[in-house]
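So you can see what is in the structure, the chains are spelled out below.
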Amino acid sequence: MSSTVSNSAREGILRRYRDRLPITDATPMLCLGEGETPLVLSRRLGERVGCRRLYFKLEMCNPTGSFKDRGMVVAVAKAMEEGARAVLCASTGNTSASAAAYAAHCGLEAFVLVPRDNIARGKLAQAVAHGARVLALQGNFDTALEIAREISRRHPVAIVNSVNPNRIQGQKTAAFEIVDALADAPDILFIPVGNAGNITAYWLGFVEYYQAELAARKPRIMGWQAAGAAPIVRGEPVEQPETVASAIRIGNPASWKGALAARDESGGAIEAVTDEEIMDAYRLLAQEEGIFAEPASAACVAGLLKHALSAKQSKGTPELDIADKTVVCIITGHGLKDPETALAIEAEMTDVPAELAAVERAMALT
Ligand code: AN7
């Protein structure tokens with residue numbers, strides 16, 4: 001079933017999926033080692049939710065620590081090909097980190113518009129470290145995106161948000177990798193939803209592989225928004241989105257229609273999880289699987305826990321059952337990106353004098 005698997009050193013998605021991407025002879029074959037991320041079989045959470053084949057796709061293992069690199073390498077390569085000198089994006093953080101890295105890689109200027117009060121520190125550090133021009137807006141992501149789109153209409157600056165179709169093209173390659181690794185599509189995909197580019201891209205990828213007869217089926221897509229930022233669940237934009245998962249603090253997703261298509265064509269759903277559910281999943285993922293993801297990524301694991309509970313409560317509803325299904329959760333970003341949320345757990349540390357006996361006592365060895 002697999003046409004493109006490679007065991008060699010990472011060649012990047014442009015080379016690996018050349019035939020399925022909008023690449024010409026003039027496209028620079030950029031690569032920072034994106035793609036070929038691990039698909040890890042759950043050891044403990046699967047048992048907890050009663051699913052024997054639960055996998056985590058570790059998109060946090062991309063070069064800048066999030067899935068954004070797959071789309072960004074394509075968007076920046078095409079911008080180079082078209083002669084752009086500068087790229088621009090609005091971002092809750094990961095897009096800006098990725099844009100800054102790929103722009104630095106090929107000597108383009110990067111302008112990033114971020115919500116000043118709601119961006120995780122690690123992501124901001126990445127943009128600054130890569131030399132991007134960081135414009136910290138006193139507003140939220142939705143406003144920043146509106147402004148970025150207008151600037152790209154008026155000035156010769158390439159917008160590298162997922163409104164740029166090259167981003168979606170690159171991100172669909174994660175679906176290809178999952179099919180290649182499992183020798184078919186999974187039964188169900190759990191994925192966090194913010195601006196909705198990624199859910200759109202996965203669906204595109206699964207449909208493309210299905211149509212090429214590289215997969216015998218398509219997964220049901222289960223998208224998860226944060227309860228305080230759940231416009232698609234509510235059916236209308238949210239003016240003041242709020243959630244601990246700052247990456248998906250988005251009230252008016254650009255790829256809304258793509259998300260609805262993924263949901264409806266796959267027979268899936270888009271639902272909400274509370275911040276409390278997100279933080280519970282965040283801790284479980286770190287402490288029962290060894291996977292340190294950022295809160296937005298934990299949203300889809302929170303969704304899985306919620307789904308498993310309703311499946312249990314309505315036993316005999318075969319569509320909900322996950323016991324014998326192959327399930328994949330997309331772990332979109334690294335926990336280290338948001339040290340402030342992580343360090344809220346600092347209270348768990350034990351202060352100990354630097355003495356052998358005191359350490360032994362603290363370890364309950366005496
Ligand atoms: C870790 O970086 O929107 O539904 O500006 O960083 O495709 O938006 C990030 C989104 C999930 C949601 N997980 O993906 C940005 C930005 C993480 C993210 C999402 C984001 P989309």
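The structure displayed is predicted, hence computed values, not measured ones.

Chemist: So what's going on with the packing of aromatic side chains? Residues and values would help.
Modeler: Under the counting rule described, the total for this entry stands at five aromatic pairs. Taken together, a centroid distance of 5.3 Å and an interplanar angle of 55 degrees make the contact between Tyr17 and Phe176 tilted. Here Phe176 lies in helix H8 (residues 173-182) and Tyr17 lies in the loop between helix H1 (13-16) and strand S1 (39-41), a separation of 159 residues in the sequence. The class for Phe176 is buried, based on a relative accessible area of 0%. Both rings, one in Phe190 and one in Trp224, keep their centres 6.2 Å apart while their planes meet at 5 degrees; by these two values the pair is stacked. In this pair, Phe190 sits in strand S7 (residues 188-192) while Trp224 sits in strand S8 (residues 220-226), placing the two residues 34 residues apart along the sequence. When its relative accessible area of 0% is taken as the criterion, Phe190 is described as buried. A cation over an aromatic ring shows up here: Arg20 above the ring of Phe176, its NZ or CZ 5.9 Å from the ring centre.

Chemist: Now, about the site of the ligand: what can you tell me, with residues and values included?
Modeler: Neighbouring the ligand are 23 residues, the closest being Asn94, Thr95, Asn195, Ala196 and Thr332. The contact in question runs from an oxygen atom of the ligand to an N or O atom on the backbone of Thr95, over 2.8 Å. Asn195 is positioned with one of its backbone polar atoms (N or O) 2.7 Å from an oxygen atom of the ligand. Alone, the ligand offers 470 Å² of accessible surface; in the complex the protein occludes 99% of this. Under a 2 Å grid-point criterion requiring more than half of the atoms, the pocket assigned to the ligand is the largest cavity.

Chemist: Can you tell me about the state of the cysteines, naming the residues and giving the values?
Modeler: Where two cysteines share a covalent bond between their sulfur atoms, that bond is called a disulfide. Tallying each qualifying case throughout the model produces zero disulfides. Its sulfur unpaired, Cys61 is 14 Å from the next cysteine sulfur, which belongs to Cys300. Just so you know, Cys89 is unpaired, no disulfide at all, and the nearest cysteine sulfur is the one on Cys106, 14 Å from it.

About the criteria used
- Residues numbered from 1 in each chain as written.
- Predicted model: local features only at pLDDT ≥ 70, side-chain atom pairs only at ≥ 80, totals over all residues.
- Heavy atoms only, no water.
- Phe/Tyr/Trp six-rings, centres within 6.5 Å; stacked < 30°, edge-to-face > 60°.
- Helix = DSSP H or I, 4+ residues; strand = E, 2+ residues; numbered from the N terminus.
- Buried < 20%, exposed > 50% of the residue type's maximum accessible area, 1.4 Å probe, protein only.
- Lys NZ or Arg CZ within 6 Å of the ring centre and 35° of its normal.
- Near = heavy atom within 4 Å.
- Polar contact = N/O pair within 3.5 Å; in protein donor to acceptor, adjacent residues only side chain to side chain.
- Areas by Shrake-Rupley, 256 points an atom, 1.4 Å probe, with all protein chains shown as cover.
- 1 Å grid on protein atoms, 1.4 Å probe; cavity = no way out; pocket = protein on both sides within 12 Å on 5 of 7 lines; lining within 4 Å.
- Sits in = over half its atoms within 2 Å of the grid points.
- Disulfide = S-S within 2.5 Å.

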